[in-house]
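Notes for the structure review
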Amino acid sequence: MTMETKLRDRTYRASCASLGIYSASVIALPICLVAISKELGFSLTQSGALGLFASVVQFVMLISSSFFAARFGKIRVIRGGLVVLAAGLVLFILSKSWIHAALLMLVIGAGSALLDALLTPIVEDLYPKDDGSKMNLLHAFWPVGTLVSVLLLGQLLTIGVSWRYLFTGIAVVMLLVMFWFPSSRKIRLPANRTDFSHMGEILSLRRFWLFGSALGFAGGAEGAFTFWSASYIQLSFDQLPRAGAFGTAAFALGMAIGRFSSSRIAGKIGLRRLIIISLLCGVLVSGGFFFVRNLFTLYAFLAVIGLCIATLWPSIQSYAGSQLAVDPTILMIFLSCFGLPGFNSATFIMGVIGDRWGLRASFIVAPVYILFALILMLIDRRLGKKSVR
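Cut-offs and rules
- Counting of residues starts from 1 at the beginning of each chain's written sequence and follows it residue by residue.
- For a predicted model such as this one, the threshold for reporting local features is a pLDDT of at least 70, and the threshold for listing and counting side-chain atom pairs is 80 or more; totals across whole chains, interfaces and linings nevertheless cover every residue.
- Just so you know, side-chain values use all the structure's heavy atoms and leave hydrogens and water out.
- Secondary structure elements follow DSSP: runs of H or I of four or more residues count as helices, runs of E of two or more count as strands, with numbering from the N terminus.
- Any residue under 20% of the maximum accessible area for its type is buried, any over 50% is exposed, and the rest in between are partly exposed; the area is computed with a 1.4 Å probe on protein chains only.
- Here, residues are in contact when the closest pair of their heavy atoms is within 4.5 Å.
- We get accessible surface area from the Shrake-Rupley algorithm with a probe of 1.4 Å; when it comes to residues, only the shown protein chains can shield them.
- When charges are counted, Lys and Arg are positive and Asp and Glu negative, with His and the chain ends excluded.
- Throughout, a charge is located at the NZ atom of Lys, the CZ atom of Arg, the CG atom of Asp or the CD atom of Glu.
- Definition used for salt bridges: Asp or Glu carboxyl oxygen within 4 Å of a side-chain nitrogen of Lys or Arg.
- By this rule, a helix spans an expected 1.5 Å times one less than how many residues it contains.
- What the arc covers is the set of directions going from the helix axis to the C-beta atoms.
- Here the axes come from fitting lines to C-alpha atoms, over the contacting stretch only for helices, and the angles between their N-to-C directions go from 0 to 180 degrees.
- Here the word oblique covers every angle except those under 35 degrees (roughly parallel), over 145 (roughly antiparallel) and from 65 to 115 (roughly perpendicular).
- Note: crossing handedness is left-handed where the near helix turns anticlockwise from the far helix by less than a right angle, and right-handed where it turns clockwise.
- To define a nonpolar core, start from buried Ala, Val, Leu, Ile, Met, Phe, Trp, Tyr and Cys residues and group those joined through side-chain atoms within 4.5 Å.
- Aromatic rings from Phe, Tyr and Trp, taking only the six-membered ring of Trp, are treated as a pair when their centres fall within 6.5 Å; an angle between ring planes under 30 degrees marks them as stacked, one over 60 as edge-to-face, and anything in between as tilted.
- Pairs of N or O atoms within 3.5 Å make up the polar contacts considered here, provided that, within protein, one atom can donate a hydrogen while the other can accept it, and that residues adjacent in sequence are counted only when both atoms are side-chain atoms.
- A residue's pLDDT is the confidence the predictor assigns to it, expressed on a 0 to 100 scale.
- For patch detection, residues must exceed 30% relative accessible area and be free of salt bridges, and they are connected within 9 Å for like charges or within 5 Å for nonpolar side chains (Val, Leu, Ile, Met, Phe, Trp, Tyr).

1. Focus on the overall build of the protein
If you tally the helices and strands in the protein, you get 15 helices and 0 strands. In the protein, which comprises 389 residues, the share counted as buried stands at 58%. The long-range fraction of contacts in the protein, counting pairs at least 24 apart against all pairs at least 6 apart in sequence, stands at 86%. Carbon together with sulfur atoms contributes 67% to the accessible area of the protein, which is approximately 15800 Å² in total. Both charge centroids of the protein, one from 33 positive and one from 15 negative side chains, sit 3 Å from each other.

2. Brief notes about the pattern of salt bridges
Enumeration according to the criterion identifies 5 salt bridges in this entry. Here K74 and D125 are joined by a salt bridge, their closest N and O atoms 2.6 Å apart. Placement of K74 in helix 3 (residues 74–92) and of D125 in helix 4 (residues 98–126) is noted, with a sequence separation of 51 residues between them. In this structure K74 comes out as buried when scored by relative accessible area, which is 3%. A salt bridge links D380 to R207; the shortest N-O distance between them is 2.6 Å. Within this pair, whereas D380 is found in helix 15 (residues 365–388), its partner R207 is found in helix 8 (residues 206–236), the two being separated by 173 residues in sequence. By the burial criterion, D380 is buried, and R207 matches it.

3. Observations concerning helix 6 (residues 163–178)
In an α-helix, one turn spans 3.6 residues; hence positions three or four apart end up facing the same way. Taking 1.5 Å per residue, 16 residues should reach 22 Å; helix 6 reaches 23 Å between its end C-alpha atoms and fits that length. Within the sequence span of helix 6, burial applies to W163, R164, L166, F167, I170, A171, M174, V177 and M178. Looking straight down helix 6, one finds that the buried residues subtend no more than 160° of arc, so they occupy a single side. Exposed residues pointing more than 90 degrees away from the buried face of helix 6 are listed as Y165 and L176.

4. Considerations on the packing of helix 2 (residues 44–72) against helix 4
At a minimum axis distance of 6 Å, the contact between helix 2 and helix 4 shows a crossing angle of 40°. In this view, helix 2 runs oblique relative to helix 4, as classed from their interaxial angle. In the crossing of helix 2 with helix 4, the sense of the turn from one axis to the other is right-handed.

5. Side note on the environment of M174
You can see M174 is positioned in helix 6. C-alpha separation for the pair M174 and A17, spaced 157 residues apart in sequence, amounts to 9.0 Å. The contact partners of M174, leaving out residues within four places of it in the chain, are I21, Y22, S25, L82, L85, A86 and L89.

6. A few points about the environment of L40
Here L40 is to be found in helix 1 (residues 3–40). Apart from residues lying up to four places away in sequence, L40 is in contact with S95, K96 and S97.

7. Observations concerning the nonpolar core
Within the largest apolar cluster, 136 residues are counted, with the highest numbers of intra-cluster contacts made by I36, F92, F167 and L298. The greatest single-element share of this core, amounting to 17 residues, is contributed by helix 1. In contact with F167, other than residues within four places in its own chain, are A28, L29, C32, I36, L89, F92 and I93.

8. What about the packing of aromatic side chains?
Taken as a whole, this structure holds 24 aromatic pairs when the rule is applied. Taken together, the aromatic side chains of F225, Y232, F237, F251, F289, F290, F301 and F363 make up a single cluster linked through ring pairs.

9. Things to note about helix 11 (residues 295–309)
Here helix 11 spans 21 Å end to end across 15 residues, near enough to the 21 Å set by a 1.5 Å rise per residue. Every buried residue of helix 11 is accounted for by L295, L298, Y299, F301, L302, I305, G306, C308 and I309. One side-chain oxygen at the N-terminal end of helix 11 lies 3.3 Å from the backbone nitrogen of F296; it belongs to N294.

10. A few points about the confidence of the model for the protein
The share of residues in the protein with pLDDT of 70 or more is 95%, and the mean pLDDT across the chain is 86. Mean pLDDT across the secondary structure elements of the protein bottoms out at helix 7 (residues 196–203), with 74, and peaks at helix 6, with 95.

11. Things to note about a nonpolar patch on the surface
Among the surface-exposed residues, I364, V368, L371, F372, I375 and I379 lie close enough to one another that they form a single nonpolar patch of about 450 Å² accessible area. By secondary structure assignment, the location of I379 is in helix 15. Accessibility expressed as a relative area gives 38% for I379, which makes it partly exposed.

Here it is as structure tokens:
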């Protein structure tokens, strides 16, 4: 194995670890949400709005990340994102009110946007001929990080450990992961086009808007179950934090199995077919939420719906990259401009519905979002056929 290959593989493993600890930082808020909301006096709407509040700075940082990457290199920017996100988590523990917490979410949003923008395209750079396997394997570390962290955090909350210590622990691990990346001077990554004309070229493509919108709705469906499952279990079934964590862990387990499996089968059946099948299953299964009446059936449901929608985010990104002849880094960043707001919009809308009609009713957002994503991908299928002709 050559030194170049070793550095490439080290960078890939560090990227996987970064996505895993990033997911732990994202899931920490919903797992600790009941404890935080009781301590600081949040409503469901305010709880759901925290992520939406961060979306403002996330959008700006996503767009800016392409210029940062061109100027400083992707590895340095990813390292910077880890530091900023860790700092945001540490500062968040100082929150005394919702306004204070919302303002500190801007720092967390800035760090998370840099990671979300560049962890996916750096894999495109490392493995330019990837058939979607490496991408799905990378994104499998999101549910793996979620699974490990929710079980650990839920148990620690149940035995009385403060959520503030948990946030600090995640920040420390995040800084350790940062040092795993090799020096940006040792590994060569392709240069990216950051000129405004090329960005305009991407924005002029009809299929880009279809892919982006589909990714936004898919991200929203994922956010619905990721953000609110634990709180729903604790509030509706009068359970301890451990039980809520088990629900999110079941969803994460289904996601992990789905992404590890799709990394193997993507090259066999094709990404478009994989996406359509996943969306069809997601629509059918997510609607079954309202027929679930007991906790153990809910755990099984969450595992199955996680399996159904697991591949959507990475596969839509990979498929878009294979279909659009544009710079992959800029494309992935622009697609993330849909994915993150989609994720956060769902959590906010569910909080509003939850305050008015109950948290159970708010889960109608998930099948609606998946259905919209399915419609968009079917429209793109027709456009794709026309372009071939």
